[in-house]
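# Architecture at a glance
As a plain string of letters, each chain reads:
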Amino acid sequence: MHRHVSAPSRFFSQLPNDIIRHPRLSATAVRLLAWQLSLPEGADEPLWKTAERAGIGKVAFQNAKRQLRAERYLFEWRHQNEHGRWQTVQLVANTPLSPDEARVAVQPAAQPTAAVPATGVPTRRPAAPQPRKTPVGNTSHPPAATEATEAAAPRLGTEICARAEALLLSLPRTAPYLAMSARKARRWAPLAARWLECGLGTDDVRTALTAGLERARSPLGALRWRLEHTLPEPLATSPTTQAPPRVSRMRECAGPHTQPLLFTPVGDEDRCPACRTTAAATATPAPAPGTGLRTFRAARAARAVRAARAARAALTADGLPAAVE
């Protein structure tokens, strides 16, 4: 691949290679950002006007803005002016900024007082010189983590942070206004993991974080504030006494079995109910010798007496005299 590059003498802009080669910025987002950075000093052109001049459609414009906000090249704030009207303040940067750095960048510079006049004459902002050699290694700016995130990350495990990240990415299912990039969810995961460590369920945490945010001016900003400042107290867990397993109360039967048999004793018995029933039947005393014959003879005599009485009763009923016994 051959390249022929001529250094322009006028009307050019210096754009970092991190923007041109950014893996997560689309061509539309790079074009929108490069167009804004190429505007002259003091130009106040909103993004929608730049997109209109660059021929970018509405859907592509919204997607480009979402990507630039996620990668921290674009910041927006809404506030009321002295007349009560809402205004949107936008900031674009050629390097990723943290929210605090972005707020400092949009603050107006202090005006000199009449008592101590400023020295010298105003000059234009000096341009950074082009580096003589190409930097070696990754020169991109890492994401700036807040103090709360840095303090919480070492104490939390990987598993609970993964659960917290999945929870943050699932919030737009019920609250579309809380849509966020995977990079932001990974950065906020240690804050959400502290909520899960309090003993709350996933549904309870989702409800507590999203309740009432549909009326917030900046839902994601309100969500971040809740994650940092409204952490609930850990739930008091009472020790639960687990019942011993049923098999621990069972005992092996001492009776004759082919295989060991377990049963639950009622008292101190060492045999199962079947063995106890068999032993009780075996322990019944046998009748004495001759007892069966005497019983048989007594029963036969009783039957004979009953038969004789029945015959006499029949003769008396026919008018014949009853025989004397």
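Before reading further, recall that the structure is shown in the block above.
A brief report on the enclosed structure follows. (Residues numbered from 1 in each chain as written. Predicted model: local features only at pLDDT ≥ 70, side-chain atom pairs only at ≥ 80, totals over all residues. Heavy atoms only, no water.)

## Details of the environment of Pro232
Stated precisely, the cut-off is as follows: Helix and strand definitions here come from DSSP, where helices need a minimum of 4 consecutive H or I residues and strands a minimum of 2 consecutive E residues; each element is numbered from the N-terminal end. Burial status follows relative accessibility: with a 1.4 Å probe on protein chains alone, a residue under 20% of its type maximum counts as buried, one over 50% as exposed, and anything between as partly exposed. By definition, residues are in contact when any of their heavy atoms lie within 4.5 Å.
Within the fold, Pro232 resides in the loop between α10 (219–229) and β3 (251–252). Residue class for Pro232 comes out partly exposed when judged on its relative accessible area of 27%. Between the alpha carbons of Pro232 and Leu200 there is a distance of 9.1 Å; along the sequence they are 32 residues apart. Ignoring sequence-local partners within four residues, the contact set of Pro232 consists of Trp195, Cys198 and Leu200.

## A short note on the packing of helix α8 (residues 182–197) against α10
What counts, and what does not: Note on definitions: angles span 0 to 180 degrees between N-to-C directions of axes, and those axes are lines fitted to C-alpha atoms, for helices only across the stretch in contact. Angle categories are assigned with fixed cut-offs, so that under 35 degrees is roughly parallel, over 145 is roughly antiparallel, 65 to 115 is roughly perpendicular, and the rest are oblique. Helix crossings get a hand from a simple test, with the near helix turned counterclockwise from the far one by less than a right angle marking a left-handed crossing and a clockwise turn marking a right-handed one. For this classification, the nonpolar set comprises Ala, Val, Leu, Ile, Met, Phe, Trp, Tyr, Cys and Pro, the charged set comprises Asp, Glu, Lys and Arg, and every other residue, Gly included, is treated as polar.
Running from N to C, α8 and α10 point in directions that differ by 40°, and their axes come no closer than 9 Å. Put simply, α8 runs oblique to α10. The crossing of α8 and α10 is left-handed. Two secondary-structure elements touch here, α8 through Lys184, Trp188, Leu191, Ala192, Arg194 and Trp195 and α10 through Leu220, Leu223, Arg224, Arg226, Leu227 and Glu228. In terms of residue class, the contact of α8 with α10 is built from 7 nonpolar, no polar and 5 charged.

## Re the pattern of salt bridges
Stated precisely, the cut-off is as follows: In the sections that follow, a salt bridge refers to a side-chain nitrogen of Lys or Arg positioned within 4 Å of a carboxyl oxygen of Asp or Glu.
Taken as a whole and judged by the stated rule, the model has 11 salt bridges. Across the pair Glu214 and Arg215 runs a salt bridge whose closest N-O atoms are separated by 3.3 Å. When its relative accessible area of 45% is taken as the criterion, Glu214 is described as partly exposed. Here Arg215 falls in the exposed class, since its relative accessible area comes to 69%. Via salt bridges that share partners, Arg24, Glu71 and Arg183 belong to a single interconnected network.

## Regarding the pairing of strand β1 (residues 74–80)
For the record, the criterion: DSSP calls a pair of strands paired once it identifies at least 2 bridges connecting them.
Alignment of β1 against strand β2 (residues 86–92), held across 7 bridges, turns out to be antiparallel. In the sheet register, Trp77 faces β2, and the bridge partner there is Val89. With antiparallel pairing between neighbouring strands as the criterion, β1 and β2 make up a hairpin whose turn holds 5 residues, including Gly84 at a positive phi of roughly 85°.

## With respect to the packing of helix α7 (residues 158–170) against helix α9 (residues 202–210)
Contact pair α7 / α9: the axes reach a minimum separation of 11 Å and the direction vectors enclose 50°. Regarding the angle of α7 to α9, the classification is oblique. α9 is crossed by α7, and the crossing has right-handed handedness. The residues of α9 that touch α7, namely those facing Arg163, Leu167 and Ser170, are Thr202, Val205 and Arg206. Partitioned by chemical class, the residues of the contact of α7 with α9 number 2 nonpolar, 2 polar and 2 charged.

## What to know about unusual backbone geometry
In the Ramachandran plot, Arg72 falls in the positive-phi region, its phi being about 65° despite a non-glycine side chain. On the secondary structure map, Arg72 appears in the loop between α4 (58–70) and β1. Judged by relative accessible area, which is 6%, Arg72 ranks as buried.

## Points about a positive patch on the surface
The following threshold applies: Like charges are joined within 9 Å and nonpolar side chains (Val, Leu, Ile, Met, Phe, Trp, Tyr) within 5 Å, but only among residues with over 30% relative accessible area and no salt bridge; these make up the patches. Throughout, the Shrake-Rupley method with a 1.4 Å probe supplies accessible areas, and for residues the shown protein chains are the sole cover considered. Within this scheme the basic residues Lys and Arg register as positive and the acidic residues Asp and Glu register as negative, but His and the chain ends are omitted. Note on charges: their place is set at NZ of Lys, CZ of Arg, CG of Asp or CD of Glu.
Among the surface-exposed residues, Arg297, Arg300, Arg303 and Arg306 lie close enough to one another that they form a single positively charged patch. For Arg306, a relative accessible area of 52% corresponds to the exposed category.

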